[in-house]
Amino acid sequence: MTEKVLISTCKYEGKYFAVGISSKNGKIIRITLPKKSEEEAIEEITNIYQDYVINNENQNIAREIAVIYSGKQSDVTIDHLELSTGKYSPFKSEFMRDVLMETCKIPCGSVESYKSLAKKMNTHAYRAVGTALAKNPYPLVIPCHRVVRSDHLIGKFGGGSEMKKELLVKEGVKIRGNKVVEK
DNA sequence: TCGATGGCTTGTA
DNA sequence: CTACAAGCCATCG
């Protein structure tokens, strides 16, 4: 099935992050958004990968995720991610990978809409773009929080809209109420 | 295989 | 401003 997953966690500002690393090639296969407890963070990974060890061997990477969360640049990039597609891969389909690769192109400090992302991919499946983003295995590293609704409302987010808003504010996006302000 | 369900969009009232 | 309805298309059970 799948190889053993090495799980590491870190605490940052009272929140807990977890990362799962493939023992096979050292690539990241899962990242969690900050959780209230360490167990909750770990569980998000062990729910998917049954063959795992929690050894904090890669705590440096977990810390880097917290760095990104704090709004700073990190040297953990998509080069560190497992980008394969398939039933047992982080990306379940080509479509999902395409969507997430496209969102990687959105620069810090700007946003894109679900629809414009779909357009760039030559499809009208903006709704499916949303579901693909909802399943992003690498939040923060793949900036799914930079995708908002086309009417400029913030839209939904795995970690809650409030967190999505905070992340955008940290990146310098101008927001009024629940809307991104036009330039 | 088929229907239900989304981190959506546009139009109408 | 809010409230619906219809349309969209990949995914999941």
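Details of the structure are given in the entry above.
Here the structure is a predicted model, which means the values were calculated and not measured.

How each quantity is defined
- Residues numbered from 1 in each chain as written.
- Chains lettered and ligands numbered in written order.
- Predicted model: local features only at pLDDT ≥ 70, side-chain atom pairs only at ≥ 80, totals over all residues.
- Heavy atoms only, no water.
- Near = heavy atom within 4 Å.
- Polar contact = N/O pair within 3.5 Å; in protein donor to acceptor, adjacent residues only side chain to side chain.
- Helix = DSSP H or I, 4+ residues; strand = E, 2+ residues; numbered from the N terminus.
- Nonpolar A, V, L, I, M, F, W, Y, C, P; charged D, E, K, R; others polar.
- Pairing = 2+ DSSP bridges.
- Axes fitted to C-alpha atoms, helices over the stretch in contact; angles between N-to-C directions.
- Contact = heavy atoms within 4.5 Å.
- Salt bridge = Lys/Arg side-chain N within 4 Å of Asp/Glu carboxyl O.
- Buried < 20%, exposed > 50% of the residue type's maximum accessible area, 1.4 Å probe, protein only.

So, about the protein's contact with DNA strand C. Taken together, S93, F95, H124, A125, Y126, R127, A128 and K135 make up the full set of residues near DNA strand C. Counting only atoms of DNA strand C within 4 Å of the protein, the sugar-phosphate share comes to 76%. A distance of 3.1 Å is found between a base oxygen of DNA strand C and a side-chain nitrogen or oxygen belonging to R127. Here a sugar or linking oxygen of DNA strand C and a side-chain polar atom of K135 are 3.5 Å apart. It is helix α5 (residues 126-134) that contributes the most residues to the surface near DNA strand C, three residues altogether. In terms of residue class, the surface near DNA strand C is made up of four nonpolar, two polar and two charged.

Below, the discussion takes up the protein's contact with DNA strand B. Taken together, 16 residues surround DNA strand B, and among them R127, L133, A134, C144 and K156 come closest. Backbone atoms, meaning sugar and phosphate, make up 46% of the atoms of DNA strand B lying within 4 Å of the protein. Here R127 contributes a side-chain N or O atom positioned 2.4 Å from a base nitrogen of DNA strand B. Measuring from a base nitrogen of DNA strand B, one finds a backbone N or O atom of C144 at 2.6 Å. Going through the elements one at a time, α4 (114-120) and α5 are the ones with two or more residues in the surface near DNA strand B.

Turning to the sheet that holds strand β2 (residues 15-22), a few remarks are in order. Pairing within the open sheet is mixed, and its four strands lie in the order β3-β2-β1-β4. Lying at the two open borders of the sheet, with one neighbouring strand each, are β3 (28-31) and β4 (52-54). Sheet twist, expressed as the average angle between the axes of neighbouring strands with direction ignored, equals 25 degrees. In this structure, β2 lies alongside β3, joined through three bridges in antiparallel fashion. Across the sheet, residue I21 finds its bridge partner in β3, namely I28. Relative to the sheet, helix α1 (residues 38-46) contacts β1 (5-12), β2, β3 and β4, its axis offset from that of β2 by approximately 30 degrees. Each of β1, β2 and β3 is contacted by helix α2 (residues 59-69), which is oriented at about 45 degrees to β1, the strand it contacts most.

Here we take up the pattern of salt bridges. Within the structure shown, the criterion is met by nine salt bridges. In this structure, E94 engages R97 in a salt bridge whose closest nitrogen and oxygen atoms are separated by 3.0 Å. Residue E94 and its partner R97 are located together in helix α3 (residues 94-103), separated by three residues, close to a single helical turn. Exposure remark for E94: the relative accessible area of 43% places this residue in the partly exposed category. Given a relative accessible area of 22%, R97 falls into the partly exposed group. For E171, the salt bridge goes to R146, with nearest N and O atoms at 2.8 Å. Remark: R146 occurs in the loop between α5 and β6 (147-148) and E171 occurs in the loop between α6 (161-170) and β7 (175-176); sequence separation between them is 25 residues. Each of the two residues, E171 as well as R146, counts as buried. A cluster of three or more residues bridged by salt bridges with shared partners is formed by E94, R97 and D98.

Within the element layout of this structure, T103 appears in helix α3. A residue is classified by how much of its surface remains accessible, and T103, at 0% relative accessible area, is buried. Taking the C-alpha atoms as reference, T103 lies 7.5 Å from L117; in sequence the two are 14 residues apart. In contact with T103, not counting residues within four places along its chain, are L117, L133, I142, P143, C144 and V147.

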